[in-house]
Every structure is written in structure tokens, then in C-alpha cells.
Amino acid sequence: MYEENSNLRQDINKLERIKRQIKLRSLPEYAPDYLGSIYESEIIIWAGESKYRISISLVSEDELDWLATELNDWLGLPIDKA
């Protein structure tokens, strides 16, 4: 019994693993680099036009890497990295 808009495993068509450092511009030059950065890290699972995000706020960086590998093995899809 699936809802009309729910996605099935066979609908999953893409995996993305994103690791980005975003530099903030409002800090003085003498501030350490780690104070002037935001890290964006997540897995995006695409099912048709829907996307599902698992972010570093939910799990650690190592857990995201492990999960991306497990999803890759299970689904047989390559992992697009950004």
C-alpha cells in the first residue's frame, strides 16, 4: 500500500555526494580560515524528480561516506561527487 506520490526503490535514478567549503567574506583577514567557512556535506538521493537529502547535521562526515558507499553497492548507481 503505497501513497500515490511515494517513490519506490526502482524509481531511484541518481546519487549525489556533496562536500563543499563555503568561505564567508565578512571576517577580517587575520581571522583563522576555519572561522570563515561553512561546510556543506550531504547525500542527495534522486527518485524521479524528487530529491531526498541526508545532511551532516544528522550524521557525521564518515557516516555519510559509509552510507554513500552502501547505497552505491545496493542500488548499483554511480555516486556523482560535487
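Just above sits the structure.
Residues numbered from 1 in each chain as written. Predicted model: local features only at pLDDT ≥ 70, side-chain atom pairs only at ≥ 80, totals over all residues. Heavy atoms only, no water.

Observations concerning the environment of aspartate 65
Where we set the bar: Every helix listed is a DSSP run of H or I at least four residues long, and every strand listed is a run of E at least two residues long, numbered separately from the N terminus. Whether a residue is buried, partly exposed or exposed follows from its accessible area with a 1.4 Å probe, protein chains only, as a fraction of its type maximum: under 20%, in between, or over 50%, in that order. The criterion used for residue contact is that any of the two residues' heavy atoms lie within 4.5 Å. What qualifies as a polar contact is a pair of N or O atoms within 3.5 Å, subject to a donor-acceptor requirement within protein and to the restriction that residues adjacent in sequence count only when both atoms come from side chains.
Assignment of secondary structure puts aspartate 65 in helix H1 (residues 61-75). Looking at aspartate 65, the relative accessible area reads 27%, which means it is partly exposed. Considering only alpha carbons, one finds aspartate 65 and arginine 17, 48 residues apart in sequence, at a separation of 8.1 Å. Not counting the four nearest positions on each side in its chain, aspartate 65 is found in contact with Arg17 and Lys19. In terms of polar contacts, aspartate 65 uses its side chain to reach the side chain of lysine 19, at 3.3 Å.

Topic: the nonpolar core
We count it as follows: Buried residues of nine kinds, namely Ala, Val, Leu, Ile, Met, Phe, Trp, Tyr and Cys, make up a nonpolar core once their side-chain atoms join them within 4.5 Å.
Ile12, Leu15, Ile43, Ile45, Ala47, Leu64, Ala68, Leu71, Leu75 and Leu77 form the largest nonpolar core, which has 10 residues in total. Looking at this core, the elements that each hand over two or more residues are strand S1 (12-23), strand S2 (37-47) and H1. Counting residues per element, this core draws most heavily on H1, at 4 residues. The contact partners of leucine 75, leaving out residues within four places of it in the chain, are Arg9, Ile12 and Leu15.

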